[in-house]
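Observations on chain architecture
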Amino acid sequence: MIINNKRALAYTAIIHDIKDIPGADNIQLGYVNAWSVIIKKNEFKEGDKVVFFEIDSLVPASNPAFSFLQKTNYKIKTYRLNKFKVVSQGLVLPLSDFPEVDPATPIETDVTELLKIKYYVAEDNVRKATSVDARKERFRQFKFKHHKFFGTSFMQWLCSKKWFYNIMLKFFGKPDKKRQFPKFISKTDEERVQNIPSVLDLKTPMVVTEKIDGTSTTIAVKRKFLGYEIYVCSRNLRYPDKDQKCYMQNDNIYWDMALKYDIINKLKLILKNNRELKWVAVQGESFGPKWQGNPLKLNELDFRAFNLIDSKNGRLGSVAAASILEGMGIPFVPIVSINYVLPDTVEELITAATGPSALNPEVLREGWVIRSFDGTLSFKAVSTEYLLSKKD
């Protein structure tokens, strides 16, 4: 769930429905919004306030409330119980299991940091980093540059001590203002349909595009008194230097894609032809080998835009954005439909979103992104079958 403009992996919620599973004696299905979760029979009743942990979460082994997850390495993932033909997506635990959470806390309160929940894919904790994690990533970069010094057994032992690590972080992990994501652009994060099921009541035709599992990329050009300011960014960080390595010391895919499609010069051209604009930005997904496990099984890195934004009009609708960008040689995410009417249930939408990728028909697509024609409403439907197929 998106809370305060960032994804909450753990938050307070209400179980609004509980259903029996035919043939199952000890378990039931509990529902938080449109998420179905396997729960112990009679442990909860409808209307109970709980803590909900979304898929992609890694819970701390040190907390006894999660001891039963040892066999799954404390990961919260989508899984199917084939015996009963049910799918569970998430984890529900009683609020009383967490004394650090005030029982009076309103529902949909983010408790991710409070309960020390992280992403179970290690690189996501850097790629989707908060400002604190960005400091740690900067210190990792510093250690990499001086790996001989920090690679000694004595320094590794010192860095394992919290007090020493905090000192190092203070001096060498200071956030670089040049690396901050530009404040005039919204970061990319779509809400999952399971968290906003009421959106299905809208029957206005929508635009559907394929969702690509890669790394969020923002490229922007801002007009200055003399010249332009260039921004090439990941989801949370700016890379002012095209030779700067990314997290996990990967090559800089963000600059690679900006250069591959000459995006910076093309955005400058938009500004030259539209003097009323202060800035213009393209946002999209970069993907391929070494990134997110390369689920599309491609042989080379590539990029597809999904947003065209400017200082006057905000985010353009997908059809208008695709027409402009593809006319300039910047590829857009595959458009599945420009006249899609939402079904009545989340299950129907997730089923419809499941299918082969337009970029490689031999593999499943991650799902769909659904938007109103003007681009003001936007959310995603991630394929359950795709999630079940992931090996991480």
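Preceding block: the structure.
Residues numbered from 1 in each chain as written. Predicted model: local features only at pLDDT ≥ 70, side-chain atom pairs only at ≥ 80, totals over all residues. Heavy atoms only, no water.

Looking at the overall build of the protein
Helix and strand content of the protein: 10 helices and 23 strands. Against the 2.2 N^0.38 benchmark of 21 Å for 392 residues, the protein shows a C-alpha radius of gyration of 22 Å, consistent with a compact globule. Projected onto the principal axes, the alpha-carbon positions of the protein cover approximately 70 × 60 × 40 Å. Looking at the protein as a whole, 52% of its 392 residues are labelled buried. In the protein, the share of contacts with a sequence separation of at least 24, taken over all contacts with a separation of at least 6, comes to 66%. If the 59 positive side-chain charges of the protein are averaged to one point and the 45 negative ones to another, these points end up 8 Å apart. (Helix = DSSP H or I, 4+ residues; strand = E, 2+ residues; numbered from the N terminus. Rg over C-alpha atoms; globule rule 2.2 N^0.38 Å. Buried < 20%, exposed > 50% of the residue type's maximum accessible area, 1.4 Å probe, protein only. Contact = heavy atoms within 4.5 Å. Lys, Arg positive; Asp, Glu negative; His and termini not counted. Charge placed at Lys NZ, Arg CZ, Asp CG, Glu CD.)

Overview of the packing of aromatic side chains
Under the defined criterion, the tally for this structure stands at 11 aromatic pairs. Measuring from centroid to centroid gives 5.6 Å for Phe66 and Phe98, while their planes differ by 40 degrees, and the two rings are tilted. Remark: Phe98 occurs in the loop between strand S12 (91–94) and strand S13 (118–119) and Phe66 occurs in the loop between strand S8 (57–58) and strand S9 (75–76); sequence separation between them is 32 residues. Classification of Phe66 by relative accessible area gives buried; the value is 0%. By the ring-pair criterion, three or more aromatic residues cluster together here, those being Tyr11, Trp35 and Phe52. (Phe/Tyr/Trp six-rings, centres within 6.5 Å; stacked < 30°, edge-to-face > 60°.)

A word on the pattern of salt bridges
Inspection of the entire model under this criterion finds 16 salt bridges. In this structure, the salt-bridge partner of Asp48 is Lys45, at a minimum N-O distance of 3.2 Å. By relative accessible area, Asp48 is classed as buried at 17%. A salt bridge links Glu366 to Lys211; its shortest N-O distance comes to 3.0 Å. In this pair, Glu366 is assigned in the loop between helix H9 (346–353) and strand S22 (367–371) and Lys211 in strand S15 (residues 206–211), connecting sequence segments 155 residues apart. We classify Glu366 as buried; its relative accessible area is 11%. Sharing partners across several salt bridges, the network here consists of Arg7, Glu54, Asp56 and Arg192. (Salt bridge = Lys/Arg side-chain N within 4 Å of Asp/Glu carboxyl O.)

Thoughts on the nonpolar core
Membership of the largest hydrophobic core comes to 38 residues, with the highest contact counts inside it found for Ile263, Leu267, Val282 and Phe303. Of all elements in the fold, only strand S16 (215–223), helix H6 (253–260), helix H7 (263–273), strand S18 (279–287), strand S19 (302–310) and helix H8 (318–327) reach the threshold of two or more residues within this core. Sequence-distant contacts of Leu267, defined by excluding residues within four places in its chain, comprise Ile219, Ala220, Val221, Val280, Ala281 and Val282. (Core = buried A, V, L, I, M, F, W, Y, C linked by side-chain atoms within 4.5 Å.)

A short note on H8
Among the residues of H8, those classed as buried are Ser318, Ala321, Ala322 and Leu325. The buried residues of H8 occupy one face: seen down the axis, they fall within an arc of 100 degrees. Set apart from the buried face of H8 by more than 90 degrees, the exposed residues are Ser323 and Gly327. Check the buried side of H8 and you find it contacts S15, S18, S19, strand S21 (335–340) and S22. Among the residues trailing H8, Gly329 stands out with phi positive, at a value near 90 degrees. (Arc of directions from axis to C-beta.)

Points about the pairing of S19
The element S19 is largely enclosed, with a buried count of 9 among its 9 residues. Pairing geometry for S18 and S19, over 8 bridges, is antiparallel. Residue pairing across strands places Gln283 opposite Asn307, the latter belonging to S19. Two strands pair when backbone bridges link them, and S19 and strand S20 (residues 314–315) are joined in this way by 2 bridges, in the antiparallel orientation. Residue pairing across strands places Ile309 opposite Arg315, the latter belonging to S20. Connecting the antiparallel pair S19 and S20 is a turn made up of 3 residues. (Pairing = 2+ DSSP bridges.)

Focus on the sheet that holds S9
Spatial ordering of the open sheet is given by S9-S8-S13, a layout of 3 strands whose pairing is antiparallel. With partners counted over all chains shown, the strands left at the sheet margins are S9 and S13, one partner each. Here S8 runs beside S13; their pairing, made up of 2 bridges, is antiparallel. Across the sheet, Ser57 pairs through a bridge with Tyr119, a residue of S13.

Considerations on unusual backbone geometry
Phi is positive for Asn42, close to 70 degrees, though the residue is something other than glycine. Along the polypeptide, Asn42 turns up in the loop between strand S6 (35–40) and strand S7 (49–53). Even without glycine at this site, Lys116 takes up a positive phi of about 60 degrees. As for its placement among the helices and strands, Lys116 is situated in the loop between S12 and S13. The exposed category is assigned to Lys116, whose relative accessible area is 63%.

Examining the sheet that holds strand S3 (residues 10–14)
By way of backbone hydrogen bonds, the strands of a sheet pair with one another, either parallel or antiparallel. On the basis of which strands lie adjacent, the open sheet formed by 3 strands has the order S3-S7-S12 and antiparallel pairing. Sheet topology places S3 and S12 at the edges, where each strand pairs with a single neighbour. For this sheet, the mean inter-axis angle between neighbouring strands, taken without regard to orientation, is 35 degrees. Both S7 and S12 contribute to a ladder of 4 bridges, which runs antiparallel. Bridge assignment links Phe53 to a residue of S12, and that residue is Leu91. (Axes fitted to C-alpha atoms, helices over the stretch in contact; angles between N-to-C directions.)

These figures come from the coordinates and say nothing about function on their own.
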